[in-house]
Structures are given as structure tokens and as C-alpha cells.
Amino acid sequence: EIFERVQLYVDDFEQENIYDFVKILFNNVEVIDDSREFMALSARSRVAVIIHTLLNKISNYEYVNFLESITKEYSRLRFLQDVSYWFSSDKENININGRKELLEETIKKMAEDILKNNINLYEDINYMPKNIWGIYHAYKEEQDKIKSYIKVIICEANIFRFLNDMINISVGTGGYTYSISKESLEAFTSKADVDLILKRVEAKTSDEKFVLEVYKAYDEDIKDIWGDAGIAISEEKKLTL
């Protein structure tokens, strides 16, 4: 509700405050709620819309400075792609001085750095849930590169973070369904490689146990009475991994 209200008043911001506000939002995006809503944007997704709007209101100097300041913010790769999406989907086609292309170049460079240097997106400093999908969207035509990268970084210490990234959450009037699809998993690695790591690790926390339960539902092809695979629950899980 807060960010819905903020979005309504973005045109009323004082010019001298816009850049600082964009930086505050961007630097704190990991603590902005990303809970799924039925037929609605999450708070974090709405912040991506707000940042897109505000990036078109700052000066060229400020915009370039913003891009230069985020090139090592690897944990926000996927979020930046969400911001870029709104540049592409803007019906008014607002793209001052090629800002859309400049953002896309920054995102591409970040993805290249991650793969070239095997920067581990599951280390605490680089971690944000679902961020690995930023690599997929940047290199989905070159899945061999993605799989080679995943093979290097995935281990016992981060396997539950990885599996959580493979989980899709479906929201319906009756609750939430957590599931993993073969297509998602095999875009990054093989089931055999995942199973090999899981044999060497134990789920210790309740959140790790839940992720493992969802994976087992995928592994054993467990389906409900409607034929849908996965684990159905009434409330969304706030996982800490």
C-alpha cells in the first residue's frame, strides 16, 4: 500500500530529491517485501516500476553516475532486468537519450562478469532469492554456459538456496502451490547433479526441510487431486536460507 501511494505521487517529487530516492530504493530492495499477490504486483515489483519512472526524470549526468555505481551490485541483476522490462513495456515509449539501451548494456556487462569470473551468486554478499534467473534471461540462448557456471558454484553450502530458486509459486483463491518443473531445473543443471549433492547434505532448518519437501514432490511426481504437482499450503512461506 505504501508503494502504491508512492507511485501515485512520483510526478510531485522535488527534482533535487529524485536521485537520492532512487538510490535509497535500489540499495534497500532486498528488504522490500516480494510476497506474491493474486492478480497484483508485489511491493518489490512496484518499486521496479517506480525506479523506471524516476530514472527518466533525473539528469543525464545522474543517470550515468547511477549506472556506474551499480555495476558490481550482482545481487540485483534480476531486479535490474525487471526495471529494464518497464522501459520496454512503456506505452508512452519514454526513452530519454537512449537510457533503455544504456541500462541493457550495464545488465549485459554484469552478467558477463558473473560468468567470466565465476562470481558466486549464492555467497551472502551476492545473494538475493531468484537472482539466478537474471543469468538465465541474459544467456538463455547459451545454456551450456549457464550449466558450466552452475557446476562450478553449486555445492552443499548453497544447494537449498539453488533449489528455492527453482521453485515456482502459483497463487490462487485457495492458497499457494510450490512446485519445481523439469524445464526450470534442466535449464541450469541435471537432476543427477542435484541428487549427488543432496546425498552429502542434511536439511537442518524448517525452511530447508520445506524446500527439500518441494523437491521430493518433483522427484516423486506427487500430484494433488487436480493433477497438479507440488506442495499446496494456505499461506505464503517466508523462507530464510
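Report follows, based on the coordinates. Every chain is numbered on its own, with residues counted from 1 as its sequence reads. Given that this is a predicted model, residues contribute local features only at a pLDDT of at least 70 and side-chain atom pairs are listed and counted only at 80 or more, while totals for whole chains, interfaces and linings are drawn from all residues. The side-chain numbers reported here are obtained from all heavy atoms of the structure, hydrogens and water having been left aside.

1. Structural notes on the overall build of the chain
What counts, and what does not: Runs of E in the DSSP output that reach at least two residues are strands. Runs of H or I that reach at least four are helices, and both are numbered from the N terminus. In this description the radius of gyration comes from C-alpha coordinates, and the expected globular size is given by 2.2 Å times residues to the power 0.38. The buried label goes to any residue with under 20% of its type's maximum accessible area, the exposed label to any with over 50%, and the partly exposed label to all in between, with areas taken from a 1.4 Å probe on protein chains only. We call two residues in contact when some of their heavy atoms are within 4.5 Å. A positive count includes Lys and Arg, and a negative count includes Asp and Glu. His and the chain ends are not counted in either. To locate a charge, the coordinates of NZ of Lys, CZ of Arg, CG of Asp or CD of Glu are taken.
When helices and strands are tallied, the chain shows 12 helices and 3 strands. Its C-alpha radius of gyration of 19 Å places the chain within 12% of the 18 Å reference for a compact globule of 241 residues. In terms of its C-alpha atoms, the chain occupies a principal-axis envelope of roughly 55 × 45 × 30 Å. Across the 241 residues that make up the chain, the buried fraction comes to 44%. Of all intrachain contacts in the chain linking residues separated by at least 6 positions in sequence, the fraction that spans at least 24 positions is 74%. Of the charged side chains in the chain, 31 are positive and 44 negative; the average position of the first set lies 4 Å away from that of the second.

2. Points about the pairing of strand β2 (residues 175–180)
Counted only if it meets this: Between any two strands, pairing holds if DSSP finds at least two bridges.
Of all 6 residues in β2, 5 are buried; the element is thus mostly enclosed. Here strand β1 (residues 167–172) pairs with β2 via 6 bridges, running antiparallel. Pairing of Gly172 across the sheet is with Gly175, part of β2. From the end of β1 to the start of β2, which pair antiparallel, there are 2 residues. Strand direction decides the pairing type here: β2 and strand β3 (residues 231–233), joined by 3 bridges, are antiparallel. Across the sheet, residue Tyr178 finds its bridge partner in β3, namely Ile231.

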